[in-house]
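Summary of structural features
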Amino acid sequence: MLGKKLVLPSSLTVLLLMMPLAVYSTIEGLGHILAPTDALPSLSVLATGTISIVIAVVWLLRFWTGDEGKQRLLKQFPTSPKEQQIITRQKSKDDSNGKEQYPQIYFTATRPCSVNVKPMLMLSNEIQSFVERIDHYTDSLEGILSQRINELNVAKGQLDGLLHQLLPPSVAHRFSAGERVAPATFECVTIYYCDIVGYTTIVAQSTALEMVEFLNAQYRMTDAIVEKYDAYKVETIGDADLIASGIPTPNGTKHATEIAKLSIDMMKAFTGFRLPHRPSESLQVRIGLHSGHCMAGIVGTKIPKYCLFGDAVSTATKMESTSEPGRIQMSCKTAEILRGTGGFVMQSRGKIQLKGKKDFETFWLEREDHNHA
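In this report, the structure presented in the accompanying data block is examined. (Residues numbered from 1 in each chain as written. Predicted model: local features only at pLDDT ≥ 70, side-chain atom pairs only at ≥ 80, totals over all residues. Heavy atoms only, no water.)

To continue, consider the overall build of the chain. Along the backbone of the chain there are 10 helices and 12 strands. Residues counted as buried form 38% of the 373 residues belonging to the chain. The long-range fraction of contacts in the chain, counting pairs at least 24 apart against all pairs at least 6 apart in sequence, stands at 65%. (Helix = DSSP H or I, 4+ residues; strand = E, 2+ residues; numbered from the N terminus. Buried < 20%, exposed > 50% of the residue type's maximum accessible area, 1.4 Å probe, protein only. Contact = heavy atoms within 4.5 Å.)

Below, the structure written as structure tokens:
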């Protein structure tokens, strides 16, 4: 029996042949995880390689250890117990490292080698070394994966926060989930447009730092008011604000009431606002309101914006440009909706001439009617 060859089952042979591929997949996946980009797609590659290695290790341990493993060894080397002893030693789980040690297999013979046990001894040592390396590799890999996952979660949170500032919350949620947000048509929404009187003069007489401080204070004030109502601040261009209600989620006829209350609060806030670098001066604004049909959709990919289009937007800007300082002018359509809901004091301005709209009747929005039931 000297030099007897070791015969392995076909399934185990295939498993051993697949080991290099599993190790390569694991290293490849770890390389992508450690890279600054494309970390998420490589998780599947890393998981496949790691699972393959674990399955291989478990199979090898079960094949060469335990009672069944002893029987296999005896079949491979049919010698008497005096010629060969198989000693399996299991270290305690509570050693100095606090980790479970895998079985270690030792081969001894009572007389000079009548059986060639060198291949089995080498294979046992290789398995033991391989298991120890995998154990160490798994510990370090868990730490790296946990760190990368935390970094990805932080980055995703920052991206979601930025999208919620650029887009309406419902649209931002769908956009961040990878859904296609199709353009939408709205039958009736109310649009608010506001402009500061004498803004170009303020810019000409102020430094860049003073203008930045002034605009920051103004934006914080208007943003705080918008958050109190069912409205969305579509965009700000310099000193002009475009705010709409009824988009992207329709709210019946509530959009006119929400914008009317918002406009009254805005007028009060601007009346009490003081320029940081000119505390003795106050601001005056013109506000225009209009209710009507419009379309909305996301424009751009690098910096997506939720934009409004349609006659309602242009009419709202004309309501602002033909208004008077310190007053809120609205179209007859908005006034009609507010008369139906009640709760506001309005005054007819009469008919004015607008480009493309002859004899256009408008109204002044004075205040809320607190006596309205």
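The full count for this structure, using the stated rule, is 2 aromatic pairs. Plain terms: the ring middles of Tyr232 and Tyr306 are 6.1 Å apart, the flat faces sit at 75° to each other, and that makes the pair edge-to-face. One end of the pair, Tyr232, is in strand E4 (residues 232–237); the other, Tyr306, is in strand E9 (residues 305–309), and 74 residues separate them in sequence. Each member of the pair, Tyr232 as well as Tyr306, carries the same accessibility label: buried. Lying over the aromatic face of Trp364, Arg327 brings its terminal NZ or CZ to 4.3 Å of the ring centre. (Phe/Tyr/Trp six-rings, centres within 6.5 Å; stacked < 30°, edge-to-face > 60°. Lys NZ or Arg CZ within 6 Å of the ring centre and 35° of its normal.)

With that settled, consider the pattern of salt bridges. Tallied over the entire structure, the rule returns 9 salt bridges. Across the salt bridge formed by Lys228 and Asp265, the nearest N and O atoms sit 3.6 Å from each other. You can see Lys228 sitting in the loop between helix H7 (208–226) and E4 and its partner Asp265 sitting in helix H8 (residues 254–272), a full 37 residues away along the chain. What makes Lys228 exposed here is its relative accessible area of 57%. For Asp265, a relative accessible area of 18% translates into the label buried. Between Glu320 and Arg286 there is a salt bridge, and its shortest N-O distance comes to 3.2 Å. One end of the pair, Glu320, is in helix H9 (residues 311–321); the other, Arg286, is in strand E8 (residues 285–299), with 34 residues separating them in the sequence. The network of salt bridges with common partners includes Asp195, Arg286 and Glu320. (Salt bridge = Lys/Arg side-chain N within 4 Å of Asp/Glu carboxyl O.)

Moving on, we come to the packing of H7 against H8. The contact between H7 and H8 brings their axes to 10 Å, and the two run at 150°. In terms of orientation, H7 lies roughly antiparallel with respect to H8. Judged by the twist between their axes, the crossing of H7 over H8 is right-handed. Where H7 approaches H8, its residues Gln218, Met221, Thr222, Ile225 and Val226 are matched on the opposing element by Leu262, Asp265, Met266, Ala269 and Phe270. When the residues that make up the contact of H7 with H8 are grouped by side-chain class, the tally is 7 nonpolar, 2 polar and 1 charged. (Axes fitted to C-alpha atoms, helices over the stretch in contact; angles between N-to-C directions. Parallel < 35°, antiparallel > 145°, perpendicular 65-115°, else oblique. Left-handed = near helix turned anticlockwise from the far one by under 90°. Nonpolar A, V, L, I, M, F, W, Y, C, P; charged D, E, K, R; others polar.)

Counting residues in hydrophobic clusters, the biggest one holds 36 residues, and the most contacted among them are Tyr192, Phe214, Met266, Ile287 and Leu365. Broken down by secondary-structure element, the contributors of at least two residues to this core are strand E3 (184–196), helix H6 (199–204), H7, H8, E8, strand E10 (328–331), helix H10 (332–341) and strand E12 (357–368). It is H8 that provides the largest number of residues to this core, a total of 8 residues. For Tyr192, the residues in contact, after removing those within four places along its chain, are Asp241, Leu242, Ile243, Ile259, Leu262, Ser263, Met266, Ile287, Gly288 and Leu289. (Core = buried A, V, L, I, M, F, W, Y, C linked by side-chain atoms within 4.5 Å.)

Attention now goes to the packing of H8 against H10. In contact at an axis separation of 9 Å, H8 and H10 are set at 100° when each is read in the N-to-C sense. The orientation of H8 with respect to H10, classified from their angle, is roughly perpendicular. The segment H8 lies against H10, with His255, Ala256, Thr257 and Ala260 engaging Ile337, Leu338 and Thr341. In terms of residue class, the contact of H8 with H10 is built from 4 nonpolar, 3 polar and no charged.

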